[in-house]
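Residues per chain are reported as follows:
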Amino acid sequence: MNVIIAGAGAVGMLLSCLLQESGCRVTLLTRSKEQADLLNAEGIVKNGEDFRVKAIPDWEAVPLGAMLVLTVKYGDLAGLRHKLAALPAELPLVFLQNGMLHLQFAESLPQQQIAVGSVEHGAQKVSSNEVCHTGRGKVTLAVLRGEKEVFQPLLHLPYFPAAWHEDAGALLFRKVLLNCLINPLTAVLELKNGELLTNPHAFTLLQSIYKELSEAYPEMEHLLPFAQVVALCRSTAANTSSMLADRLSGRRLELDTIVGYTLKRAGQELPVLNTLYYLLKATEVD
Ligand code: KPL
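Cut-off values and rules
- Residues numbered from 1 in each chain as written.
- Predicted model: local features only at pLDDT ≥ 70, side-chain atom pairs only at ≥ 80, totals over all residues.
- Near = placed C-beta within 6 Å.
- Domains from an automatic or database assignment.
- Axes fitted to C-alpha atoms, helices over the stretch in contact; angles between N-to-C directions.
- Helix = DSSP H or I, 4+ residues; strand = E, 2+ residues; numbered from the N terminus.
- Contact = placed C-beta atoms within 7 Å.
- Nonpolar A, V, L, I, M, F, W, Y, C, P; charged D, E, K, R; others polar.
- Buried ≥ 20, exposed ≤ 12 C-beta atoms within 10 Å, placed from the backbone.
- Arc of directions from axis to C-beta.
- Pairing = 2+ DSSP bridges.
- UniProt positions renumbered as here; feature names shortened; annotations may be inferred.
- pLDDT = per-residue confidence, 0-100.
- Parallel < 35°, antiparallel > 145°, perpendicular 65-115°, else oblique.
- Left-handed = near helix turned anticlockwise from the far one by under 90°.

**Remarks on the site of the ligand**
For step 1, the next point in the chain: Around the ligand, the neighbouring residues are Asn98, Glu120, Gly122, Asn179, Ile182, Asn183, Asn193, Thr236, Asn239, Ser241 and Ser242.
For step 2, the next point in the chain: Three or more residues apiece are contributed to the shell around the ligand by two domains, here domain 1 (2-166) and domain 2 (171-283).

Listed below in structure tokens is the structure:
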């Protein structure tokens, strides 16, 4: 199967390796020619192992593939709208952004069959062609528009653990809640995911955020039991969350996509999460 991956950040590079290991031919669409040249010359190094992929910086040269998987951040999708709309309608798209806002973005592409997904791997970009798989997880997919069968091939690959979910909205909201619990706290305290469990004060804060979220969202305890949050912190213990990684690299944080969205949707006060939101917002004032 030919899979095209748009976005050569931590998740894009990790999924490229897992798909390639599973026998797929992967083409990686990069932001810059320099990164494409580096990837073509040296491949991707994942935890010290080399993976050969074809990388191109040019959307005009997108090969016909079985699937286009978008790992770019939500904030970068708008700039790709025209390129995506110009793709052949038979190329199915898989959106793997954090947050829920890309559900609306997908409506502007009425031709394509679309799935959305939640990624629960720990992945850390070490350099432009090196990624560290810091926590084994899975990708869960749900169809937004189209036939389930089209996306089915992604579910049966030996090194690409994947699962199916029937409700795209619930799947993405569960991930939003998970990101609200882990990302802002790790970003403010500069802790690895696993340290949210081992640092007793951080753990108290994690419990407080869970409590206020479950008061605002009664479906929370069913959608995301606290034990699953603990399990994810454990399985991605060595990971730097994407929000902390963004903060350490001076990139814009996905604050409004994840935390702002959740605070607004709650329709009631979430004092701990609200404080974390403003602490992080304050670091972004330029
Ligand atoms: O999605 C993540 C992120 O960092 O954004 C998790 C799964 C929490 C892993 O760190």
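From this point on, the discussion continues.
**Some remarks on the packing of helix H9 (residues 200-216) against helix H14 (residues 271-284)**
For step 1, the next point in the chain: Running from amino to carboxyl end, H9 crosses H14 at an angle of 115 degrees, the nearest separation of the two axes being 8 Å. Within the contact between the two elements, H9 uses Leu205, Ser208, Ile209 and Glu212 and H14 uses Pro271, Val272 and Leu273.
For step 2, the next point in the chain: Its residues assigned to classes, the contact of H9 with H14 shows five nonpolar, one polar and one charged.

**Looking at helix H11 (residues 226-235)**
Since the α-helix turns once every 3.6 residues, residues separated by three or four places project in the same direction.
For step 1, the next point in the chain: Val229, Leu232 and Cys233 are the residues of H11 that are buried. Projected down its long axis, H11 carries its buried residues within an arc of 100 degrees, all on one side.
For step 2, the next point in the chain: Buried residues along H11 sit against helix H7 (168-189), helix H8 (195-198) and H9.

**As for the pairing of strand S11 (residues 139-145)**
For step 1, the next point in the chain: For S11, the tally of buried residues reaches five of seven residues, placing the bulk of the element in the interior.
For step 2, the next point in the chain: Of the pairings in the sheet, the one linking strand S8 (residues 114-119) to S11 comprises six bridges and is antiparallel in character. Counterpart to Val119 in the pairing with S11 is Val139.
For step 3, the next point in the chain: Here S11 pairs with strand S12 (residues 162-164) via three bridges, running parallel. Of the residues in S12, the one forming a bridge with Thr140 is Ala163.

**Observations concerning the sheet that holds strand S1 (residues 2-6)**
For step 1, the next point in the chain: Read across the open sheet, the eight strands follow the order S5-S2-S1-S6-S7-S8-S11-S12; overall the sheet is mixed. Only two strands of the sheet have a single neighbouring strand rather than two, namely strand S5 (54-56) and S12. If you compare each strand with its neighbour and ignore which way they point, the axes differ by 25 degrees on average.
For step 2, the next point in the chain: In terms of strand pairing, S1 meets strand S2 (residues 25-29) through five bridges, oriented parallel. Bridging across to S2, Ile5 finds its partner in Leu28.

**Here we look at the UniProt feature "domain: Ketopantoate reductase C-terminal" (unreviewed entry) in the chain**
For step 1, the next point in the chain: In the UniProt entry, the feature "domain: Ketopantoate reductase C-terminal" (unreviewed entry) is given for residues 173-283.
For step 2, the next point in the chain: Secondary structure across residues 173-283 divides into 76% helix and 0% strand, with the first and last C-alpha atoms of the span separated by 26 Å.

**Side note on the domain arrangement of the chain**
Put simply, an interface is often sized by how much accessible area is lost when its parts join up.
For step 1, the next point in the chain: Here the domain parsing of the chain yields domain 1 (2-166) and domain 2 (171-283).
For step 2, the next point in the chain: The centre of domain 1, based on its C-alpha atoms, is set 24 Å off from the matching centre of domain 2.
For step 3, the next point in the chain: Taken residue by residue, the interface counts 20 residues in domain 1 and 21 residues in domain 2.

**Considerations on the environment of Thr257**
For step 1, the next point in the chain: Structurally, Thr257 is set in helix H13 (residues 255-266).
For step 2, the next point in the chain: On a C-alpha basis, the gap between Thr257 and Lys73 in space is 9.9 Å, while along the polypeptide they are 184 residues apart.
For step 3, the next point in the chain: Leave out the neighbours within four places in its chain, and Thr257 touches Tyr74, Asn98, Gly99 and Leu101.

**So, the sheet that holds strand S10 (residues 130-135)**
For step 1, the next point in the chain: Read across the open sheet, the four strands follow the order S4-S3-S10-S9; overall the sheet is mixed. Strand pairing shows two members of the sheet lacking a second neighbour, strand S4 (49-51) and strand S9 (122-127), which therefore form its edges. Going from strand to strand, the sheet's axes swing by 30 degrees on average, the running direction of each strand aside.
For step 2, the next point in the chain: By the bridge criterion, five bridges tie S9 to S10 in an arrangement that is antiparallel. Opposite Ala123, over in S10, you have His133 as the bridge partner.

**Structural notes on the confidence of the model for the chain**
For step 1, the next point in the chain: For the chain, the average pLDDT comes to 95, and 99% of its residues sit at 70 or higher.
For step 2, the next point in the chain: Across the interfaces of the predicted complex, the ipTM metric reaches 0.97, alongside a pTM of 0.94.

**A word on the packing of H7 against H13**
For step 1, the next point in the chain: Their axes nearest at 9 Å, the elements H7 and H13 cross at an angle of 110 degrees. The pairing of H7 with H13 is recorded here as roughly perpendicular in orientation. Handedness of the crossing formed by H7 with H13: left-handed. From H7, Val176, Asn179, Cys180, Asn183 and Pro184 reach across to H13, where they touch Ile258, Val259, Tyr261 and Thr262.

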